[in-house]
Amino acid sequence: VLTTNSVAAIARLIEEKKIDHPVVVGHGYGGHIAMRVALDHPKLVRSIVSVDGLPVQPLSDPNQDDSLGERRLIVSESLAPKMKLLTDQEWHDRHFAAALSIVTDQHRANELAAMLASQDRGVYSFFLFESILSDVRPQLKSIRVPMFCIAPISPAPPPPPQVIIGSWTHVLGA
């Protein structure tokens with residue numbers, strides 16, 4: 001719902017403001033949204049740029065079956081029930097771990113974690129679950145506009161699956 005609404009809102013903005021074939025740029029999940037805009041509204045955009053945006057949210061185990069059915073099971077039987085049981089401290093700790101994957105300064109990580117932990121848990125969880133279930137890999141070859149993807153590939157910080165494992169290990173039961 002959030003992804004579909006975001007894609008529709010971007011398309012509506014382009015049409016209402018009469019923007020002539022813009023380059024759509026997205027960071028993180030916004031890069032995923034940009035890919036969806038290119039798929040759903042190819043005649044509206046000139047090209048897309050995805051910065052740290054993936055066509056699918058990586059699972060904690062790269063060897064795991066990551067079909068849509070398996071992703072639904074992970075969300076419904078593991079992730080969703082366990083997220084509901086998080087204490088305030090565990091909620092903060094997960095966001096602190098995520099913040100440390102973004103910034104190295106402890107003070108900034110604490111500030112960022114406090115901001116992230118202040119999000120509405122229901123909205124955050126809904127967004128997280130939707131991002132896990134949204135997969136455009138099968139459609140990537142259908143994108144008919146130029147697409148430029150920027151993503152770091154380095155042993156430090158860890159690749160996305162390792163970040164997810166580190167941030168949500170006890171929630172995923174891994």
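Keep in mind it's a predicted model, so treat the numbers as computed, not measured.

**Student:** What's the story with the nonpolar core in this structure? I'm lost.
**Tutor:** Generally speaking, nonpolar side chains in soluble globular proteins are found buried as a group. By size, the foremost hydrophobic cluster in this structure holds 17 residues, and its most contacted members are Val24, Val37, Ala38, Val45, Ile48 and Ile143. Those elements that provide at least two residues to this core are α1 (2–16) and α2 (29–40). Element by element, the count of residues in this core is highest for α2, at seven residues. Filtering out sequence-adjacent residues up to four positions away, Ala38 remains in contact with Val45, Ile48, Ile143 and Val145. The next biggest cluster of nonpolar side chains, apart from the first, holds eleven residues, and it includes Val75, Met83, Ala117 and Leu128.

**Student:** Is there a simple way to think about the pattern of salt bridges in this case?
**Tutor:** Two side chains that carry opposite charge are able to pair once their charged atoms sit near each other. Scanning all chains against the criterion turns up four salt bridges. Between Arg121 and Asp88 there is a salt bridge whose closest N-O contact spans 2.6 Å. With Arg121 in helix α6 (residues 121–133) and Asp88 in helix α4 (residues 88–100), the pair connects residues that are 33 residues apart, well separated along the chain. Of the charged contacts in the structure, one is a salt bridge between Arg108 and Glu111, with a shortest N-O distance of 2.6 Å. Residue Arg108 and its partner Glu111 are located together in helix α5 (residues 106–117), separated by three residues, close to a single helical turn. For Arg108, a relative accessible area of 44% translates into the label partly exposed.

Analysis parameters
Residues numbered from 1 in each chain as written. Predicted model: local features only at pLDDT ≥ 70, side-chain atom pairs only at ≥ 80, totals over all residues. Heavy atoms only, no water. Core = buried A, V, L, I, M, F, W, Y, C linked by side-chain atoms within 4.5 Å. Buried < 20%, exposed > 50% of the residue type's maximum accessible area, 1.4 Å probe, protein only. Helix = DSSP H or I, 4+ residues; strand = E, 2+ residues; numbered from the N terminus. Contact = heavy atoms within 4.5 Å. Salt bridge = Lys/Arg side-chain N within 4 Å of Asp/Glu carboxyl O.

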